[in-house]
Amino acid sequence: MSARPVATPGAAILQVDDLHKRFTLSRRGLWGREQDAFVHAVDGVSFELARGEVLALVGESGCGKSTLALTLLGLEDPTSGSIRFEGAEITHQPPAAMKQVRRHMQMIFQDPYESLNPLMNVGDIVAEPLKVHGLAKERSERRARVIQALEDAGLKPAERFLAQLPHELSGGQRQRVVIAAALVLEPTLLLADEPVSMLDVSIRAEILNLLAELRTAQGISILFITHDLGTVGALADRVAVMYLSHIIWNSDRRNRCSKTRSIRTRARCSRSCPCPIRACATNASFSAARRPTRSTCRPAAAFIHAVRWPRSAVA
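As the structure is a prediction and not an experimental result, all values here were calculated from the model.

Caption draft 1: A look at the packing of helix α6 (residues 171-183) against helix α7 (residues 201-218). Here α6 crosses α7 at 20°, and the two axes come no closer than 10 Å. With respect to α7, the element α6 is oriented roughly parallel. The two elements α6 and α7 cross, and the hand of that crossing is right-handed. Residues G172, Q175, R176, I179 and L183 of α6 form the contact with α7, whose participating residues are I203, E206, I207, L210, L211, L214 and Q218. For the contact of α6 with α7, the class distribution of residues is 7 nonpolar, 3 polar and 2 charged.

What follows is the structure, encoded as structure tokens:
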């Protein structure tokens, strides 16, 4: 098995260059002949994520955010492009090598109700990653790491939760168990796929604060995937906007709306962002009925409705 790559000081922990992921569809063409068509789920995506940084990837449902995360983790094979993690190329790696990568790159899935095995108690769920990766083989050591992960995730006292089953927990507690199962491996990168979208509004702030504390205390980098810009301001250092499988705009959070010329980006800001950021998008509008599809449009046509903003509006 390959050893963990050593990161160069000051280098990005994650580098993605011109990443593509296409899914093949079969269509019956003229005279009954089969014709291949493709869904461009991820199309030419490039970005970097620094160590200890939080990058928010925002976009409407179906734009390719979750597919991008699955491709980064190796759960979907990329069609083309390059993914570098801690300086090492991980694109098209064999399963054994990707297992070592996942030791340091973990994912928080969107739905805590589907992420947890209903037949396993909390202690076994959090301990399972250690068993899979052959870590903490002694029972006492494994128990100590599970307790520490649960407490890092905000479940205190941890001993009270070890024997509980998922159905005995609230939605927020379930999501904290999912986070603890990721933290137990001491990763350097978390891929958080809409970790608060399934939770009550009253619980969302707690999970966002937890992620912010983990970033500060442990220096974990986070790719925070969401369709709600209202959750971005308190957590992210930078914001990237994804639309129809492309990243159409990338900036820091303080300047995330002031210079973009995409009508969709400004309209999304106008609905989701608190003042004074909302003022920059008051004239933005678009028609959802005119939205192109990823399986039919050519790459350039995907932006036909993300038109240029008038220069006078961004001066």
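Caption draft 2: Broad picture of α6. Here α6 contains 13 residues, and its C-alpha end-to-end distance of 19 Å stays within 8% of the 18 Å for a straight helix at 1.5 Å per residue. Those residues of α6 not exposed but buried are G171, G172, R174, Q175, R176, V177, V178, I179, A180, A181, A182 and L183. Where α6 is buried, its residues contact β6 (105-108), α3 (112-115), α4 (122-132), α5 (139-152), β7 (189-193) and α7.

Caption draft 3: Highlighting the confidence of the model for the protein chain. Looking at the protein chain as a whole, its pLDDT mean stands at 78, while 73% of the residues score no less than 70. Note that pLDDT drops below 50 for residues 273-290; the model gives that stretch 26 contacts with residues more than four away or on any other chain. Segment residues 297-315: pLDDT under 50, and 33 contacts once partners within four positions in sequence are set aside and those in other chains are kept.

Caption draft 4: Representation of the nonpolar core in the model. Ranked by size, the top nonpolar core spans 49 residues in total, and within it V126, L150, V177, I179, I222 and F224 carry the most contacts. Within the residue set of this core, elements represented by two or more residues are β3 (54-58), α4, α5, α6, β7, α7, β8 (221-226) and β9 (238-243). Of all hydrophobic cores here, the second largest spans 28 residues; its members include V45, L68, L73 and M107.

Caption draft 5: View of the pairing of β6. With burial as the criterion, each face of β6 is covered, one bearing M105 and M107 and the other bearing Q106 and I108. Relative to β7, β6 runs parallel, the two being bridged by 4 bridges. Along β7, the bridge assignment pairs M105 with L189.

Caption draft 6: Looking closely at the side chain of K65. Locating K65 in the fold gives a position in helix α1 (residues 65-72). The class for K65 is buried, based on a relative accessible area of 4%. A distance of 3.2 Å separates the side chain of K65 from the backbone oxygen of E60, its partner in a polar contact. When residues no more than four places from it in sequence are discounted, the contact partners of K65 are L57, V58, G59, E60, E194, I225, T226, H227 and M242.

Reading guide: rules and limits
- Residues numbered from 1 in each chain as written.
- Predicted model: local features only at pLDDT ≥ 70, side-chain atom pairs only at ≥ 80, totals over all residues.
- Heavy atoms only, no water.
- Axes fitted to C-alpha atoms, helices over the stretch in contact; angles between N-to-C directions.
- Helix = DSSP H or I, 4+ residues; strand = E, 2+ residues; numbered from the N terminus.
- Parallel < 35°, antiparallel > 145°, perpendicular 65-115°, else oblique.
- Left-handed = near helix turned anticlockwise from the far one by under 90°.
- Contact = heavy atoms within 4.5 Å.
- Nonpolar A, V, L, I, M, F, W, Y, C, P; charged D, E, K, R; others polar.
- Expected span 1.5 Å × (residues − 1).
- Buried < 20%, exposed > 50% of the residue type's maximum accessible area, 1.4 Å probe, protein only.
- pLDDT = per-residue confidence, 0-100.
- Core = buried A, V, L, I, M, F, W, Y, C linked by side-chain atoms within 4.5 Å.
- Pairing = 2+ DSSP bridges.
- Polar contact = N/O pair within 3.5 Å; in protein donor to acceptor, adjacent residues only side chain to side chain.

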